[in-house]
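# Observations on chain architecture
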Amino acid sequence: MGAEQGQSGQLIFIDGRDAKWLKVGRNGLNGKLLHPPMHTPDQRFYAGEFRHFIDEKNRITIPARWRRGDAEEFIILAEATHQFLLVMSPEEFSRMSAAAESDPNVSARDRRIFFRQLHSRAQHGAADKQGRLVLPEDLCKKVGLKGEVILVGGRGRFEIWNLQRRKRAHEEETPTYQHVANVIGL
């Protein structure tokens, strides 16, 4: 938790627990929520792509630069269309759940159904001291993971793809990437 001086001289209050930034006037909070930064200091950020093999015990080694410490806890679930596995920290899972909980565009009924499905599909996982993560066999079968796979970095989470499926998706997604890169001047 902390505060920074904004451009207009107002203080910006940073709530580390919920990753919310609030504009603070001289007399306290004025209730205006600012957009959070893309990456807060306590949030993980995974960058790059790495090829690895899943061993006979369904273990995969997490790249060294993605590891935080000795043993790490993760939430693992298949992406909604079963294209790849999503791997994230419990904190990232909570942030994602909070976003779904507070989205005014999702009805209460749809939210209940979503959370029932989300939590029933999610599984706990843990990486050992060597950075090996045991992948649930049923999820590996759902998304076709066996042998060589590719780990793809993302904001706060990473994906584990079947190598051939990832190559196809990469080819299909490249024009969209190039278009957005041109729009933002990259």
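Basis of the calculations
Residues numbered from 1 in each chain as written. Predicted model: local features only at pLDDT ≥ 70, side-chain atom pairs only at ≥ 80, totals over all residues. Heavy atoms only, no water. Helix = DSSP H or I, 4+ residues; strand = E, 2+ residues; numbered from the N terminus. Buried < 20%, exposed > 50% of the residue type's maximum accessible area, 1.4 Å probe, protein only. Contact = heavy atoms within 4.5 Å. 1 Å grid on protein atoms, 1.4 Å probe; cavity = no way out; pocket = protein on both sides within 12 Å on 5 of 7 lines; lining within 4 Å. Points joined across faces, edges and corners; volume = space filled by probe spheres on them. Nonpolar A, V, L, I, M, F, W, Y, C, P; charged D, E, K, R; others polar.

## Topic: the environment of leucine 139
- Within the element layout of this structure, leucine 139 appears in helix H3 (residues 137–143).
- Owing to a relative accessible area of 3%, leucine 139 belongs among the buried residues under this scheme.
- Separated by 61 residues in sequence, leucine 139 and alanine 78 place their C-alpha atoms 6.4 Å apart.
- Each residue touching leucine 139, except ones within four places of it in the same chain, is listed here: Ile76, Leu77, Ala78, Leu85 and Gln123.

## A look at the side chain of arginine 111
- The residue arginine 111 is located in helix H2 (residues 108–121) in this model.
- Excluding its chain neighbours within four sequence positions, the residues that come into contact with arginine 111 are Ala100, Glu101, Asp103 and Val106.

## Describing the layout of surface pockets
- Taken as a whole, the second largest pocket encloses approximately 320 Å³ of empty space.
- What lines the second largest pocket is a set of 13 residues, and nearest its centre among them are Val152, Gly153, Gly154, Glu159 and Arg166.
- For the lining of the second largest pocket, the elements supplying multiple residues, two or more each, are strand S11 (148–153), strand S12 (157–162) and helix H4 (163–184).
- Here the residues of the lining of the second largest pocket are counted per class, giving 5 nonpolar, 3 polar and 5 charged.

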